[in-house]
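# Notes for the structure review
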Amino acid sequence: MRLPKSAHTSQPWRIHEFTRDFRLEDVWALPTPGGPDDFPRLVQVVIAFDPMRRGPWPMRLLFAIRFELGKVFGIDDQDAGSRVPAPTLADRLPDDLRASSGGPGPGPTTDTLPFTSLYQLDDEWALETVNRTVHGILHVGWVPDGAGGYRGQMAILVKRNGKLGAAYMASIKPFRHVIIYPLMMREFGRAWRASAERRKKR
């Protein structure tokens with residue numbers, strides 16, 4: 001379910017400290033009901049999400065087209081050939097967030113989505129992607145559901161790269177809201193239920 005932007009901005013997330021120059025595009029409630037300690041399980045569900053190989057065919061088709069266009073037009077290149085390093089929020093993180101993964105590196109990451117993990121805490125996980133069109137942040141949080149339990153919440157924050165970035169975001173907006181995100185929510189819900197069933201069998 002799509003949520004008002006205040007559902008993200010009203011939370012005491014650490015991500016607010018570093019994204020004042022980003023635009024909050026979308027906030028979604030994830031169909032992942034659980035208890036206060038279930039956030040690590042949600043992280044694993046997101047890590048395992050593979051839109052190119054699993055899930056409804058419209059979602060797989062749109063992701064396949066998007067990644068193919070990225071290859072053809074170099075959309076996903078981080079300004080190849082430029083002497084200026086690609087921007088990253090990692091440069092803004094304080095020491096406590098740099099060490100938040102509890103081990104080497106910034107935290108868990110996913111091989112199936114073009115995002116790199118920035119940090120993970122007990123109730124939030126931030127990832128970023130940088131290409132020729134946007135600098136994007138995927139933020140996953142764990143929030144009370146108002147009924148005594150908890151659920152996941154996902155926010156997308158974006159900084160557009162010039163006219164190309166503005167045109168790109170405008171062109172994909174209908175697909176994001178009508179097809180991609182609703183199908184993603186369905187897949188997260190399916191994976192969450194499957195994860196719960198596996199836990200019961202242990």
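Up top is the structure these notes are about.
Report follows, based on the coordinates. (Residues numbered from 1 in each chain as written. Predicted model: local features only at pLDDT ≥ 70, side-chain atom pairs only at ≥ 80, totals over all residues. Heavy atoms only, no water.)

Of regular secondary structure, the chain possesses 5 helices and 5 strands. Expressed as a percentage of the 202 residues in the chain, the buried residues total 46%. By sequence separation, contacts in the chain at least 24 residues apart represent 64% of the contacts at least 6 residues apart. (Helix = DSSP H or I, 4+ residues; strand = E, 2+ residues; numbered from the N terminus. Buried < 20%, exposed > 50% of the residue type's maximum accessible area, 1.4 Å probe, protein only. Contact = heavy atoms within 4.5 Å.)

Here we take up helix α2 (residues 39–48). The buried fraction of α2 is high, at 7 of 10 residues. Of all the residues in α2, the buried ones are Phe39, Arg41, Leu42, Val43, Val45, Val46 and Ile47.

Moving on, we get to the side chain of histidine 139. Here histidine 139 lies in strand β4 (residues 134–144). Looking at histidine 139, the relative accessible area reads 1%, which means it is buried. One polar contact links histidine 139 to glutamate 124, side chain to side chain, over a distance of 2.6 Å. (Polar contact = N/O pair within 3.5 Å; in protein donor to acceptor, adjacent residues only side chain to side chain.)

Attention now goes to the nonpolar core. Counting 27 residues, the largest nonpolar core has Leu42, Trp125, Met154, Met184 and Phe188 as its most contacted members. Elements that contribute at least two residues to this core include exactly α2, β3 (124–130), β4, β5 (150–160) and α5 (162–201). No other element matches α5, which puts 8 residues into this core. Counting 19 residues, the second-largest nonpolar core is a separate cluster that includes Phe18, Leu24, Ala29 and Leu118. (Core = buried A, V, L, I, M, F, W, Y, C linked by side-chain atoms within 4.5 Å.)

It is worth spelling out the pairing of β3 at this point. The buried fraction of β3 is high, at 7 of 7 residues. Of the two faces of β3, the one carrying Glu124, Ala126, Glu128 and Val130 and the one carrying Trp125, Leu127 and Thr129 are both buried. As paired elements, strand β2 (residues 116–120) and β3 share 4 bridges and run antiparallel to each other. Each residue of the ladder has a partner; that of tyrosine 119, found in β3, is alanine 126. In this antiparallel pair of consecutive strands, β2 and β3, the connection spans 3 residues. In this structure, β3 lies alongside β4, joined through 7 bridges in antiparallel fashion. Its bridge partner being in β4, leucine 127 is matched across the sheet by leucine 138. (Pairing = 2+ DSSP bridges.)

A few words now on the packing of aromatic side chains. The tally for this structure, following the rule as stated, stands at 4 aromatic pairs. Ring centres 6.4 Å apart and planes at 45° place the aromatic pair phenylalanine 39 and tryptophan 142 in the tilted group. Separated by 103 residues along the polypeptide, phenylalanine 39 in helix α2 and tryptophan 142 in strand β4 bring together distant segments of the chain. The exposure class of phenylalanine 39 is buried, given its relative accessible area of 1%. Between tryptophan 142 and tryptophan 192, the ring centres sit 5.8 Å apart and the planes meet at 45°, which makes this aromatic pair tilted. Residue tryptophan 142 is found in strand β4, and its partner tryptophan 192 is found in helix α5; the two are separated by 50 residues along the sequence. Above the face of the tryptophan 192 ring, arginine 41 is positioned so that its terminal group lies 3.7 Å from the ring centre. (Phe/Tyr/Trp six-rings, centres within 6.5 Å; stacked < 30°, edge-to-face > 60°. Lys NZ or Arg CZ within 6 Å of the ring centre and 35° of its normal.)

Attention shifts here to the pattern of salt bridges. Taken as a whole and assessed by the stated rule, the structure comprises 10 salt bridges. In this structure, aspartate 21 engages lysine 159 in a salt bridge whose closest nitrogen and oxygen atoms are separated by 2.7 Å. Remark: lysine 159 occurs in strand β5 and aspartate 21 occurs in the loop between α1 (6–9) and β1 (23–29); sequence separation between them is 138 residues. Look at lysine 159 and you get partly exposed, because its relative accessible area is 26%. Arginine 160 is the salt-bridge partner of glutamate 25, the closest N and O atoms lying 2.7 Å from each other. Placement of glutamate 25 in strand β1 and of arginine 160 in strand β5 is noted, with a sequence separation of 135 residues between them. Residue arginine 160 is classed as partly exposed on the basis of its relative accessible area, which comes to 27%. The network of salt bridges with shared partners includes Arg14, Glu17 and Asp96. (Salt bridge = Lys/Arg side-chain N within 4 Å of Asp/Glu carboxyl O.)

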